[in-house]
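Fold and contact review
Okay, here's what each chain looks like letter by letter:
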Amino acid sequence: HVQLVESGGGSVQAGGSLRLSCAASGYVDDIMCMAWFRQEPGTGREGVAAIDNDGNTNYEDSVKGRFTATHGFDKNTLQMDSLKPEDTGMYYCAATRGPTSASLWRPLYDYWGRGTQVTVS
């Protein structure tokens, strides 16, 4: 069992910054990759950022140069700078023991947090 808990969401004005954190507990020794997904009403969860245990990263095109992901076996952060209204959504932390390279492919991820809301206006 792996439990993920996100924190750090909130409401900010365009151009502002937020730092999301994902705390992992339980059997986390074999987690190989962690990622962040965003969901807006009427849409599915889309990959925003992923990072594996080798430090490889993968970012959605719209956030490249603005978001930075970090990874540890029991923690994960997403630094979000120069936020735009289109970044608004519910952000979920996800983890997997499967892939060894960063991936934004949702089906690969086995464990999910409950989400934290980010609103940019």
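Every value quoted in this text rests on a predicted model; they were computed, and no experiment measured them. (Residues numbered from 1 in each chain as written. Predicted model: local features only at pLDDT ≥ 70, side-chain atom pairs only at ≥ 80, totals over all residues. Heavy atoms only, no water.)

Description of the nonpolar core
The biggest cluster of nonpolar side chains holds 27 residues, and the ones touching the most others in it are L4, F67, L78, M80 and Y91. Among the secondary structure elements, those contributing two or more residues to this core are strand 1 (2-7), strand 3 (18-26), strand 4 (33-39), strand 5 (46-52), strand 7 (67-72), strand 8 (75-80), strand 9 (89-96) and strand 11 (116-120). A per-element tally of this core places strand 3 first, with four residues. Setting aside chain neighbours within four positions, we find Y91 in contact with E6, L20, W36, F37, R38, V48, F67, L78, M80, G115, T116 and V118. Counting residues in hydrophobic clusters, the runner-up holds seven residues, among them C33, A35, F37 and A50. (Core = buried A, V, L, I, M, F, W, Y, C linked by side-chain atoms within 4.5 Å. Buried < 20%, exposed > 50% of the residue type's maximum accessible area, 1.4 Å probe, protein only. Helix = DSSP H or I, 4+ residues; strand = E, 2+ residues; numbered from the N terminus. Contact = heavy atoms within 4.5 Å.)

A short note on the sheet that holds strand 7
Taken in spatial order, the four strands line up as 1-3-8-7 in an open sheet, and their pairing is antiparallel. The open sheet is flanked by strand 1 and strand 7, the only strands paired with a single partner. Neighbour to neighbour, the strand axes of the sheet diverge by 15° on average, direction disregarded. For strand 7 and strand 8, the ladder comprises six bridges, and the chain directions are antiparallel. Within strand 8, the position partnered with H71 by the bridge is N76. (Pairing = 2+ DSSP bridges. Axes fitted to C-alpha atoms, helices over the stretch in contact; angles between N-to-C directions.)

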